[in-house]
Amino acid sequence: MLAAGCVGRRAGAVGSRLARAYGAGSSVRSTTLDSGLVVNTVDTQGPLASVELVVEAGTRHETYASAGSSYYLERLATLSTPRRSQVRLIHDIESTLGFQVQRGHESTTIATRALREDAASAVELVLDTTRPSCLEYEIRDVAKVIAADAQARLACPVTRVTDAIHQTAYRSHALGRPKYGLPHAALDQATVMGYLYAHWTAPRASLWVTNMDHDAAVAAATGAAGFANVVDGLAGGPPGSPPGDRGG
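About the thresholds
Residues numbered from 1 in each chain as written. Predicted model: local features only at pLDDT ≥ 70, side-chain atom pairs only at ≥ 80, totals over all residues. Heavy atoms only, no water. Core = buried A, V, L, I, M, F, W, Y, C linked by side-chain atoms within 4.5 Å. Buried < 20%, exposed > 50% of the residue type's maximum accessible area, 1.4 Å probe, protein only. Helix = DSSP H or I, 4+ residues; strand = E, 2+ residues; numbered from the N terminus. Pairing = 2+ DSSP bridges. Axes fitted to C-alpha atoms, helices over the stretch in contact; angles between N-to-C directions. Phe/Tyr/Trp six-rings, centres within 6.5 Å; stacked < 30°, edge-to-face > 60°. Lys NZ or Arg CZ within 6 Å of the ring centre and 35° of its normal. Salt bridge = Lys/Arg side-chain N within 4 Å of Asp/Glu carboxyl O.

Our focus in this paragraph is the nonpolar core. Ranked by internal contacts, the top residues of the largest apolar core, which has 48 residues, are L37, L53, L76, V123, W200 and L207. When residues of this core are assigned to their parent elements, the largest contribution, six residues, is made by helix α4 (residues 119-128).

Here is the structure:
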């Protein structure tokens, strides 16, 4: 219920933002797929489409054992998926404009832009990255990258103080987990994938698309095999995934 409420609040905020951006005459169309994913569109017939997926999964949803999982997935999402090799995924990402994955305390956002005629491919790409391969060698490589990234970010006094203030303000709540804190121990494949299957799921997500026909966006989202795997994972996740890793 909490996740659904968070998605609803985020959906309302994004919808209001889109309405303001495109004028009072614009309208947001929404469709909830059988998987639970909510597809929202605003079409002003512009030439450039934007695709933004908001998943209610961030540092607050980590447990002590899975701390750092959202940090890992922020990087793993752009390495490879079961449908796209690393070379193919890099090619497809570079074929869009400004592809990015950003995580926060409460949610993770995957967003990009593309020409209107390529919007369906962009939707499929964004949804496909919700199921990174999480190969063991990728996880080892990412561990080194985020260690250096965290060290560099926390070297900035503003970032360090902001993270410390947040931890102090919410010290008795999972929301207070540090954004740039490192895992208590090296995370293994089962831990990262356990967090992935528990929290990166269709019912916890909303897709926002501009300048694309609504029915076309729904069709692209419905046919995206990558996100369909998320729905399959709701029954318990991949083999070896730890149970009960729900976080706050």
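In this section: helix α2 (residues 69-76). Of all eight residues in α2, seven are buried, a share of seventy percent or more. Taken as a whole, α2 has its buried residues at S69, S70, Y71, Y72, L73, E74 and L76.

Taking strand neighbours across the sheet as the criterion, the six strands line up as β1-β2-β6-β3-β5-β4 in an open arrangement whose pairing is mixed. This sheet does not close on itself; its edge strands, each paired only once, are β1 (29-32) and β4 (97-103). Neighbour-to-neighbour, the strand axes of this sheet turn through a mean angle of 15°, independent of strand direction. Across eight bridges, the pairing between strand β3 (residues 48-55) and strand β5 (residues 108-115) is antiparallel. Within β5, the residue paired with A49 across the bridge is A114.

Two measures describe an aromatic ring pair: the distance that separates the ring centres and the angle between the ring planes. The full count for this structure, using the stated rule, is zero aromatic pairs. Above the ring of Y71, the side-chain terminus of R103 is found at 4.0 Å from the ring centroid. Positioned over the ring face of Y197 is R131, at 3.7 Å from the centre of the ring.

Inspection of every chain in the model, using the stated rule, returns six salt bridges. Of the charged contacts, one joins R60 and E106 as a salt bridge, the two residues approaching to 3.2 Å between their closest N and O atoms. On the criterion of sequence distance, the pair formed by R60 in the loop between β3 and α2 and E106 in the loop between β4 and β5 is long-range, its members being 46 residues apart. For R60, a relative accessible area of 9% corresponds to the buried category. Taking the shortest distance from any N to any O, the salt bridge between E74 and R103 comes out at 2.9 Å.

All right, on to the pairing of β4 then. The sheet contact formed by β4 and β5 spans five bridges and is antiparallel. In the strand pairing of β5, Q100 is matched with A111. With antiparallel pairing between neighbouring strands as the criterion, β4 and β5 make up a hairpin whose turn holds four residues.

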